[in-house]
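# Secondary and tertiary structure notes
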Amino acid sequence: MSSRSSGPAGRWSAGPLGFSTRGRNPVKELFGKLADGTEIHRWSLENGGTRMKVLSYGGIVQSLRTPDREGRYADISLGFDTVEDYVAGSPYFGALIGRYGNRIGAGRFTLDGTEYRLSVNDGDNSLHGGAAGFDRAVWDVEPFTDGPDVGLRLSHTSADGEQGYPGTLDVRVTYTLTGRGAWRVDYEATTDKATVVNLTSHVYWNLAGEGSGSVHDHELTIAASRYTPVDSGLIPTGEPVEVAGTPFDFRTGKTVGADLREADRQLLYAKGFDHNWVLDKGATAGPEWVATLTDPASGRTLKIATTEPGLQFYSGNFLDGTLVGPTGRSYRQGDALCLETQHFPDSPNKPSYPSTLLRPGQTYRSTTIHSFT
Ligand code: BGC
């Protein structure tokens, strides 16, 4: 076994089934069942001091635990305790997002002369792949250990025409916990017809621990000089604009709450930050650093590196106190934030944006690394 466990042995694994991970990693248990009887499994893995639980439903990161500066563990991602809660109405807590992360305007696009109409689930627009996106798919999950790494290989085939998208899409996502406790996500997809693809992960971060209150005191840095302004439906209006002199300037780091209440039209449209930052590094062959999130109180820091050209920073604006997490506390506006690495929203309708087109014979590839200290 290549994993290196840390922290008090045996304390982390007390799940509802009382299983122990000692000597086995990753470990699988039955988490629940869908209404049609489909079994949903939960995989627990740990490495380099990071502990993670992943569901076969939606590839959901149900829990991600890291130590604070005193070595005390907390779950720093929002989630639920039961499959039923996820099915009943999760705002994509921890889920894999596809086929198209973020919005496609009016739920339609034209490719090679054919117009495709997508599942519309956000006003007039299609959000996160439509009403039944990858967050609701049951993924095949295979565990692996590889040198110092442990992880899970998730795969899913989306049928031609699903949610309105052309092409049979074969998707493989690898979650790796590295020997240093980083969580690496590698995405790959192939198609049998020209289509569009934009995969991401939708973890809601609260570095003080889920259910502990607002993240407005977290400090955020984003390596982006421009962002894409949106209309009232949160569809980009067109060309990126400079962040300089606006609340969107996170280049040198500031608290999430610092400018959140400014009467800036863009913030009013989204009830906060819910925009795509145009990363200065652009699309890159290998993952490069783009953002750092720090909670000064706990000392936890999350660093993100990616191959993607864009980052959606969503400040948890639509959390409204109606959902309750595993610690029994409700989630209110601003109790978490998402940092979704991606291509830009509505790219299929914006020829000037980096292309999200995937043709037969090509392989879509994307990598994002989350490092915790
Ligand atoms: C979007 C938000 C949306 C949220 C879903 C984010 O990625 O940008 O607008 O409300 O996902 O909960």
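Above this text is the structure in question.
Below you will find a few notes about this structure. Please read all numbers here as calculations on a predicted model, not as lab measurements. (Residues numbered from 1 in each chain as written. Predicted model: local features only at pLDDT ≥ 70, side-chain atom pairs only at ≥ 80, totals over all residues. Heavy atoms only, no water.)

The next point concerns the site of the ligand. Close to the ligand lie P91, Y92, R103, H128, H202, Y204, D274, Q312, Y314, F318 and E340. The contact in question runs from an oxygen atom of the ligand to an N or O atom on the side chain of H202, over 2.8 Å. Separating an oxygen atom of the ligand from a side-chain N or O atom of Y204 is a distance of 2.9 Å. Bound to the protein, the ligand loses 94% of the 310 Å² it would expose on its own. Each residue belonging to the shell around the ligand can be placed in one class, and the counts come to five nonpolar, three polar and three charged. (Near = heavy atom within 4 Å. Polar contact = N/O pair within 3.5 Å; in protein donor to acceptor, adjacent residues only side chain to side chain. Areas by Shrake-Rupley, 256 points an atom, 1.4 Å probe, with all protein chains shown as cover. Nonpolar A, V, L, I, M, F, W, Y, C, P; charged D, E, K, R; others polar.)

What follows covers the sheet that holds strand 18 (residues 226-228). Two orientations exist for strands paired in a sheet by backbone hydrogen bonds: parallel and antiparallel. The strand order 19-18-21-24-27 describes an open sheet built from five strands, whose pairing is antiparallel. Whereas interior strands pair on both sides, the edge strands pair on one side only; in this sheet they are strand 19 (241-242) and strand 27 (338-342). Two elements, strand 18 and strand 21 (residues 274-278), share three bridges in a ladder whose sense is antiparallel. Across the sheet, R226 pairs through a bridge with V278, a residue of strand 21. (Pairing = 2+ DSSP bridges. Helix = DSSP H or I, 4+ residues; strand = E, 2+ residues; numbered from the N terminus.)

Assignment of secondary structure puts I222 in strand 17 (residues 219-222). Exposure remark for I222: the relative accessible area of 0% places this residue in the buried category. (Buried < 20%, exposed > 50% of the residue type's maximum accessible area, 1.4 Å probe, protein only.)

Let us now look at the environment of T306. Assignment of secondary structure puts T306 in strand 23 (residues 301-306). When the C-alpha positions of T306 and Q342 are compared, they lie 8.9 Å apart, and in sequence the two are 36 residues distant. The contact partners of T306, leaving out residues within four places of it in the chain, are L279, K281, T284, G286, P287, E288, V290, T341, T367 and T368. Within the structure, the side chain of T306 is placed 3.1 Å from the backbone nitrogen of E308, a separation counted as a polar contact. (Contact = heavy atoms within 4.5 Å.)

Moving on, we come to the sheet that holds strand 14 (residues 183-191). Spatial ordering of the open sheet is given by 11-12-13-14-29-23-22-17-20, a layout of nine strands whose pairing is antiparallel. Both edges of this open sheet fall to strand 11 (140-146) and strand 20 (254-255), since each of them pairs with a single strand only. By the bridge criterion, six bridges tie strand 22 (residues 288-294) to strand 23 in an arrangement that is antiparallel. Residue W289 lies in a different strand from strand 23, and its bridge partner there is A305.

Attention now moves to the nonpolar core. Core analysis: the biggest nonpolar cluster contains 55 residues, and Y175, W183, W277 and F313 have the highest contact counts within it. Element by element, the count of residues in this core is highest for strand 13 (residues 169-177), at five residues. One finds I60, I97, Y204 and A336 within the second-largest nonpolar core, a separate group that totals 21 residues. (Core = buried A, V, L, I, M, F, W, Y, C linked by side-chain atoms within 4.5 Å.)

Another aspect to go through is the pattern of salt bridges. Counting across every chain of the model gives 13 salt bridges. Here K193 and D160 are joined by a salt bridge, their closest N and O atoms 2.6 Å apart. Note that K193 is positioned in the loop between strand 14 and strand 15 (195-196) and D160 in the loop between strand 12 (149-158) and strand 13, a separation of 33 residues in sequence. On the basis of relative accessible area, D160 is assigned to the partly exposed category, the value being 38%. Here the salt bridges do not stand alone but share partners, grouping R172, E188 and R365 into one network. (Salt bridge = Lys/Arg side-chain N within 4 Å of Asp/Glu carboxyl O.)

Take the environment of T367 next. Inspection of the secondary structure assignment puts T367 in strand 29 (residues 364-372). According to the relative accessible area criterion, T367 is buried, its value standing at 10%. For the pair T367 and A305, spaced 62 residues apart in the sequence, the C-alpha separation amounts to 8.3 Å. Apart from the residues within four sequence positions on either side, T367 is in contact with R184, V185, D186, P287, A305, T306 and T307. A distance of 2.7 Å separates a polar atom in the side chain of T367 from a polar atom in the side chain of D186.

Another point: the side chain of T301. Inspection of the secondary structure puts T301 in strand 23. Side chain to side chain, T301 and T294 meet in a polar contact 3.2 Å long. If sequence neighbours within four positions are ignored, T301 has contacts with L207, T292, L293, T294, S371, F372 and T373.

Moving on to the pairing of strand 17. Pairing analysis gives two bridges linking strand 17 to strand 20, with the strands arranged antiparallel. Following the sheet pairing, L220 is matched in strand 20 by K254. Relative to strand 22, strand 17 runs antiparallel, the two sharing four bridges. By the bridge assignment for strand 22, I222 is matched with A291.

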